[in-house]
Amino acid sequence: MSDITDPPSAFATLLGYELTDWREGFARYEMDITDKLGNRQGIPHGGVHATLIDSAMGISGCWTGDAELRMTSLTLSLNVQYIGKAQGSRLICEAHLTGGGRSIYYAEATLTDDLGTLVAKGTGVFKRRQA
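Remember, predicted model here, so these are calculated numbers, not experimental data. (Residues numbered from 1 in each chain as written. Predicted model: local features only at pLDDT ≥ 70, side-chain atom pairs only at ≥ 80, totals over all residues. Heavy atoms only, no water.)

**Re the overall build of the chain**
Okay, step 1: The helix and strand tally for the chain stands at two helices and six strands.
Okay, step 2: Along the chain, helices and strands appear, N-terminal first, in the series α-β-β-α-β-β-β-β.
Okay, step 3: Against the compact-globule benchmark of 14 Å for 131 residues, the chain has a radius of gyration of 14 Å, which places it among compact chains.
Okay, step 4: Oriented by its inertia axes, the alpha-carbon framework of the chain measures out at about 40 × 25 × 20 Å.
Okay, step 5: Expressed as a percentage of the 131 residues in the chain, the buried residues total 36%.
Okay, step 6: Taking contacts inside the chain between residues at least 6 apart in sequence as the whole, the part at least 24 apart equals 62%.
Okay, step 7: Within the structure as shown, the chain displays about 7,200 Å² of accessible surface, and the carbon and sulfur contribution to it stands at 49%. (Helix = DSSP H or I, 4+ residues; strand = E, 2+ residues; numbered from the N terminus. Rg over C-alpha atoms; globule rule 2.2 N^0.38 Å. Buried < 20%, exposed > 50% of the residue type's maximum accessible area, 1.4 Å probe, protein only. Contact = heavy atoms within 4.5 Å. Areas by Shrake-Rupley, 256 points an atom, 1.4 Å probe, with all protein chains shown as cover.)

**A word on the side chain of Arg128**
Okay, step 1: One can find Arg128 in strand β6 (residues 118–130).
Okay, step 2: A polar atom in the side chain of Arg128 sits 2.7 Å from the backbone oxygen of Gly61.
Okay, step 3: A polar contact of 2.8 Å, which involves the side chain of Arg128, links it to the backbone oxygen of Gly101.
Okay, step 4: With residues near it in sequence (within four places) discarded, Arg128 still touches Gly61, Met71, Thr72, Ser73, Leu97, Gly101, Arg102, Ser103, Ile104 and Tyr105. (Polar contact = N/O pair within 3.5 Å; in protein donor to acceptor, adjacent residues only side chain to side chain.)

**Describing helix α2 (residues 46–60)**
Okay, step 1: Spanning 15 residues, α2 covers 21 Å between terminal C-alpha atoms, matching the ideal 21 Å at 1.5 Å per step.
Okay, step 2: Counting buried residues along α2, twelve of its 15 residues qualify, which places the element largely inside the surrounding structure.
Okay, step 3: Along α2, the residues that are buried comprise Val48, His49, Ala50, Thr51, Leu52, Ile53, Ser55, Ala56, Met57, Gly58, Ile59 and Ser60. (Expected span 1.5 Å × (residues − 1).)

Here it is, written out as structure tokens:
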């Protein structure tokens, strides 16, 4: 994928998260916090956090700069640290490519709410694949 206007995956559409920024080595996803995302305590489920972190880190290493040359990724390892409770109305996940080679790469991400509360962090290892 090399174009922010590519349609989202079916899973992204189901959960309601969207790619709001994407460039070489960086990606940002955002989503509104809704009741359907809540756990038993009424806060966003940890799986929502992990999904945003995984998705943002995965696509952060797939920028090609050419809409005709599309890349996807496969998650090889994902680590999530749950830090705080979202206070706002929107989750924002920013991911950065941190290293790697031609096919395997490393990334890290932070998940905050729209008030700036740090909710979670993540690191991961990914494998690039041609679409």
